[in-house]
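Residue-level listing of the chains:
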Amino acid sequence: MSIPMPSTVSLDQAPAGSVFRVERVDADCDDAARLKAMGVCVGRRLSVVQNGDPLIVCVVGSRVGISARLAASVFVHVDCAPMAKAS
Amino acid sequence: MSTVPTTTNTSLPVVAATVVQPSKMPVVALVGNPNSGKTSVFNRLTGLRAHTANFAGTTVEHRRGRVPLVGQTAELIDLPGLYSLDASTPDERVARDIIAGTGPTRPDLLMLVVDATNLERNLFLTSQVLEAARQADMATVVALNMFDEVDKHGVTIDVAQLARDVGCPVIPISARTGQGLPELRRSLSELLTTPAAPQVDTQCNCGGCGGCSYSQRYDWAESVARRVAGEPSVTLGRTTERIDRVLTHKVVGLLAFAAVMFVTFWLIYSLATYPMDWIEQLTGWSAELLGRWLPAGDLRSLLADGIVGGVGGVLVFLPQICILFFMLALLEDSGYLARAAFVMDRLMRRVGLPGKAFVPMLSAHACAIPAIMATRVIDDRRDRLATILVLPLITCSARVPVYALVIALLFANNPLMAATVFTGAYALGIVAALVMAWLFKRTLLPGETRPLVIELPNYRLPSLRSALLQTIDRATVFVKNAGTTILLITVVLWAAATYPKTSVGDLPVAAQSEIAELQQSGDAAAADHLLAQYSLKRSVAGRIGQAIEPVFAPLGFDWKMSIGVVSSFAAREVIVSTLAVLYGLGEDGESDALTQRLRTTTNSSGGLVFTTATCLSLLVFYVLAMQCLPTQVVTKRETGSWGWAGFQFAYMTVLAYVAALITYQTASTFGLG
């Protein structure tokens, strides 16, 4: 598992197809709790399936739609580049 | 475990206490993620032996029903779906409390429904539930649902290993095929006889640090899922991904949603026509039968005109409501409703509402009552309140008879204009709802819309059986409502329109001779209709109508229309029958005859009463006015206060009045008066 320079981006800017690890969540209390309940919390891996507003991520085995405004408060770094996904 | 402390039993619904001793029947609570197929499992186990109820002291609705087990019968309650026990909505809080053993009812056994195709996510809630159950010393069983699906995708789940990891029995089942249900029943019986709390340590006891415990739980869920099912299936989500490429697309997704909406409404308006006709015929036939059996008098009038007519007038919408519920249940079960909320979110946010508000808005086109009930999916209280407040502005099917009458008056011979005005009335309702929502979110209920976070479950073939059972359940609630609240309103309105009684002798001489003349000429029906017309005018409703005529005069309404507004206060469609009586056609006046009569009616100065301006004003008024007491009752129930129901009535009436005033005055200025 080689990590290519963990540069942090917000989730709404993260390109589709890659796998990321959540670094921090800056959303307010309620929203952070809703994200956590869906699996978007610090340390979790997720992949971006579709960009846009709302965007779709795949996390804890299922697809979750998240408004881009909220996704902007989630910061992630690349865990796995697009090529590695289709092994 | 069946020795439940009597203190907790006192808060059980009173209805249960009247049947058998409630403590004798063990209670099984159904827990699970929102898309785990919990409802299908419930329907499979209970069938038609279920009904909808509220938890004592809450507005949280749930379904409960009896399940025949081996040698005993248990009561199954379907708790609201949850992703985690850290609850945010009232529904989730009740579920959490019940699982922790501190809720309005204490179950003897928890049945945790886990979606085998989505093991990792479901195991997160599982870990929380297992711990809560252990602390509350509550027996638990895991129903591993959709087990047939897993097989299809070549994944094997080590059930024995999973049972060891979760420390309680695990029964693989499929609610769709019925596979594993006998085993599940047997396991429920065993656990009820010899209860055992789950023995497991999910290693998530990390003290006060919330984020940390979440992460540990997800780690646990992931490790258990890997251990029992290996690597996630590659093919499992593939179909969903392909379908979603279309259905969640920015443009195509919206078009697809429009198409789904169109089909739903086409079904509602086309299929429902037949049963609606039958109900109308049945109502008419019962009223006629009562008329033949009972002697003429107040009792006959109360039963035939008041109760049968009034309740029948509401029941006639039952077929449409059933089709709506059936379609919504199918769409939800298939996984599509989440996509509808997803694609509508961006558009709805412009007016300050979340995407989840769109399905209630859709339902409101059939009836505002189920729509208001459907707002429970909205997370944020203010968003939900704003949605509830504007929902009755949307054109429901009860407005259709009023639109039809007015449009027939205006454009009997011009189908194109009639269609345009009809569409315009619908559009006015939608625009008004969106504008008012925008306004409320900026003034009364300020705050940003809660951003969307929604699970997009894998698409599944929906279960017709399950949808049908849910529809029957909803329909029962609607019929019960019609049999209680609406019945009461009907009786009050009947009394207001009947008393004080008027006999021919009470009328002025001119009127008496008019009636006598008709009788002599052999037209008894016309004489009766004329007497009915005078009676209504002299009744309480009639007097109120005449008293408030000056208020409605600027809208172009005469005293008869004012009576119509008063009498249709509780149910808008009543105005049609009121006008029929007031214009001397009797209650069941043929609609063509009524239109003809209204079109030619002139006022005392010889001008037409129903001018274009008046018709348009009446139409606008009925598009926007509240005029539906049952909806108000539901608003009160869902918001928890008469204050919001009162506010809803007040703002809608003011809005309707002002808009009708502007319409009438503008139209009159342009010479349409």
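Moving on to the overall build of chain A. Scanning chain A for helices and strands turns up three helices and six strands. Its helices and strands taken in sequence order, chain A reads β-β-α-β-β-β-α-β-α from the N to the C terminus. Taking the contacts inside chain A whose residues are at least 6 apart along the sequence as the reference set, 59% of them involve residues at least 24 apart.

Here we come to the interface of chain B and chain A. Facing 26 residues of chain B, the contacting portion of chain A comprises 28 residues. Among the elements of the structure, α5 (119-136), α9 (210-229), α15 (336-349) and β8 (453-456) of chain B are those that each provide at least two residues to the side of chain B that touches chain A. Of the residues belonging to the side of chain B that touches chain A, the class tally is twelve nonpolar, six polar and eight charged. Pairing of strand β5 (residues 62-66) of chain A with β8 of chain B involves four bridges; the strand directions are antiparallel. Within the sheet, the bridge partner assigned to V64 of chain A lies in β8 of chain B and is E455 of chain B.

Our next topic: the environment of L655 of chain B. For L655 of chain B, the position within the fold is in helix α32 (residues 642-669). Here the alpha-carbon distance between L655 of chain B and R176 of chain B, two residues 479 residues apart in the chain, equals 49 Å.

Residue and element names in this part refer to chain B. Membership of the largest hydrophobic core comes to 205 residues, with the highest contact counts inside it found for A29, L30, L110, M111, A143 and L624. Per-element accounting of this core gives the leading share, eleven residues, to helix α14 (residues 318-334). If near-sequence neighbours (up to four positions away) are discounted, L30 is found in contact with K38, V41, F42, L76, I77, D78, L79, M111 and V113.

Right, let's get into the pairing of β5 of chain A. Residues in a regular strand point their side chains to alternate faces of the sheet. All names here are of chain A. The buried fraction of β5 amounts to five of the five residues, a majority that puts the element mostly inside the structure. Neither face of β5 is left uncovered, since the one carrying S62, V64 and I66 and the one carrying R63 and G65 both have all their residues buried. Pairing between strand β4 (residues 55-59) and β5: five bridges, direction antiparallel. Paired with I56 across the two strands is G65, which belongs to β5. Taking the residues between adjacent antiparallel strands as the criterion, β4 and β5 are bridged by two residues, where V60 takes a positive phi near 45°.

Cut-off values and rules
- Residues numbered from 1 in each chain as written.
- Chains lettered and ligands numbered in written order.
- Predicted model: local features only at pLDDT ≥ 70, side-chain atom pairs only at ≥ 80, totals over all residues.
- Helix = DSSP H or I, 4+ residues; strand = E, 2+ residues; numbered from the N terminus.
- Contact = placed C-beta atoms within 7 Å.
- Nonpolar A, V, L, I, M, F, W, Y, C, P; charged D, E, K, R; others polar.
- Pairing = 2+ DSSP bridges.
- Core = buried A, V, L, I, M, F, W, Y, C linked by C-beta atoms within 7 Å.
- Buried ≥ 20, exposed ≤ 12 C-beta atoms within 10 Å, placed from the backbone.

Fair warning: the whole summary comes from geometry, so function is off the table for now.
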